[in-house]
Structures are given as structure tokens and as C-alpha cells.
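Descriptive structure summary
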Amino acid sequence: MSGAFEKRQKGFESKWAHDEELRFKVFARRNKLLGLWAAGELSLKGGSAEAYAKTVVAADFEKAGDEDVFDKVRADFTAKGLAVSDHMLRVKMNELIDVAKRQIEQETKK
């Protein structure tokens with residue numbers, strides 16, 4: 001009986017680890033997409049846009065949750081004098097979660 005329980009427990013642990021890895025990938029992708037979108041709003045192109053997107057991804061490691069990413073983009077928009085509301089920024093973040101999920105799902109199917 002304990003063998004079956006241990007197998008089941010390992011299965012749950014494995015699924016949890018997989019789900020967490022997938023979640024991390026989705027949020028990292030979302031942050032990159034957000035950074036590229038924000039770079040466009042900030043009139044950055046090419047390598048500058050890619051570099052900016054990397055700073056948005058890196059911002060996610062400052063504190064738990066989305067607020068660090070939101071705060072970074074919000075501060076950059078404010079510094080540049082861009083009139084993008086907090087609501088619009090959060091809507092864009094939510095839209096890009098869905099885009100990132102679809103992209104990651106497509107990549108894992110290959």
C-alpha cells in the first residue's frame with residue numbers, strides 16, 4: 001500500500017514541478033512581450049527594444065508578483081511623458097499572459 005502511495009505522491013510532485021516550470025515560462029514570456037510592446041511605445045527599435053525587454057524581464061525578480069514589472073514600465077512611461085493609464089497597462093499585461101500561454105503551448109507541442 002505504501003508503494004502505491006509513494007508513486008502517487010511522486011506523480012503529484014512531478015506534476016506540480018512541471019506546472020510551476022510552465023508558469024515561470026509563461027510569466028517570463030509575458031514580461032518579454034510586455035517589454036517589447038512598451039519599447040514600441042517608448043519609440044525604441046531593434047537592439048534597443050530587445051535590451052529594454054530584457055530589463056522588464058529582470059524587473060520581475062525584484063519582488064514577488066507583478067507589481068515590480070508594472071512599476072518599472074509605469075515609471076518608464078511617466079519619465080517619457082507617455083499617457084498610458086494604469087488600467088490600460090494592466091489590461092495589456094493580462095492580454096499578453098494569454099498570448100504567452102498560447103506561444104508556450106505551441107512550443108511544447110512541437
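For clarity, every value in this text was computed on a predicted model and none was experimentally measured.

1. With respect to the side chain of R74
Along the chain, the position of R74 falls in helix α3 (residues 67-80). Taking the relative accessible area as the measure of exposure, R74 reaches 16% and is therefore buried. Filtering out sequence-adjacent residues up to four positions away, R74 remains in contact with V84, S85, D86 and L89.

2. Quick look at the pattern of salt bridges
Going through the model one piece at a time under the given rule, you end up with eight salt bridges. In this structure, R90 engages E67 in a salt bridge whose closest nitrogen and oxygen atoms are separated by 3.0 Å. Of this pair, R90 sits in helix α4 (residues 86-109) while E67 sits in helix α3; the two residues are 23 residues apart in sequence, bridging distant segments of the chain. Between K72 and D76 there is a salt bridge whose closest N-O contact spans 2.6 Å. Here D76 and K72 lie together in helix α3, a separation of four residues that amounts to about one turn.

3. Examining the packing of aromatic side chains
Counted by the stated rule, this structure contains two aromatic pairs. Ring geometry for F24 and F61: centres 6.3 Å apart, planes at 35 degrees, overall tilted. Here F24 is found in helix α1 (residues 2-41), whereas its partner F61 is found in the loop between α2 (46-59) and α3, with 37 residues between them in sequence. Given a relative accessible area of 58%, F61 falls into the exposed group.

4. Quick word on the side chain of D60
Take D60: it is sitting in the loop between α2 and α3. Despite its burial, D60 pairs with no opposite charge, the nearest such side chain being R30 at 5.5 Å. Within the local environment of D60, its side chain forms a polar contact with the side chain of N31, the two groups lying 3.2 Å apart. Residue contacts for D60: discarding those within four places in its chain leaves N31, G65, D68 and V69.

5. Brief notes about unusual backbone geometry
Unusually for a residue other than glycine, S43 sits at a positive phi of about 65 degrees. Following the sequence through the fold, S43 ends up in the loop between α1 and α2.

6. Section: the layout of surface pockets
Computed from the structure, the largest pocket encloses a volume of approximately 200 Å³. What lines the largest pocket is simply R23, F24, F27, A28, N31, V57, D60, F61, K63, A64, G65 and D66. Considered class by class, the residues forming the lining of the largest pocket number six nonpolar, two polar and four charged.

Parameters at a glance
Residues numbered from 1 in each chain as written. Predicted model: local features only at pLDDT ≥ 70, side-chain atom pairs only at ≥ 80, totals over all residues. Heavy atoms only, no water. Helix = DSSP H or I, 4+ residues; strand = E, 2+ residues; numbered from the N terminus. Buried < 20%, exposed > 50% of the residue type's maximum accessible area, 1.4 Å probe, protein only. Contact = heavy atoms within 4.5 Å. Salt bridge = Lys/Arg side-chain N within 4 Å of Asp/Glu carboxyl O. Phe/Tyr/Trp six-rings, centres within 6.5 Å; stacked < 30°, edge-to-face > 60°. Lys, Arg positive; Asp, Glu negative; His and termini not counted. Polar contact = N/O pair within 3.5 Å; in protein donor to acceptor, adjacent residues only side chain to side chain. 1 Å grid on protein atoms, 1.4 Å probe; cavity = no way out; pocket = protein on both sides within 12 Å on 5 of 7 lines; lining within 4 Å. Points joined across faces, edges and corners; volume = space filled by probe spheres on them. Nonpolar A, V, L, I, M, F, W, Y, C, P; charged D, E, K, R; others polar.

Functional significance is not addressed by these values, which are geometric in nature.
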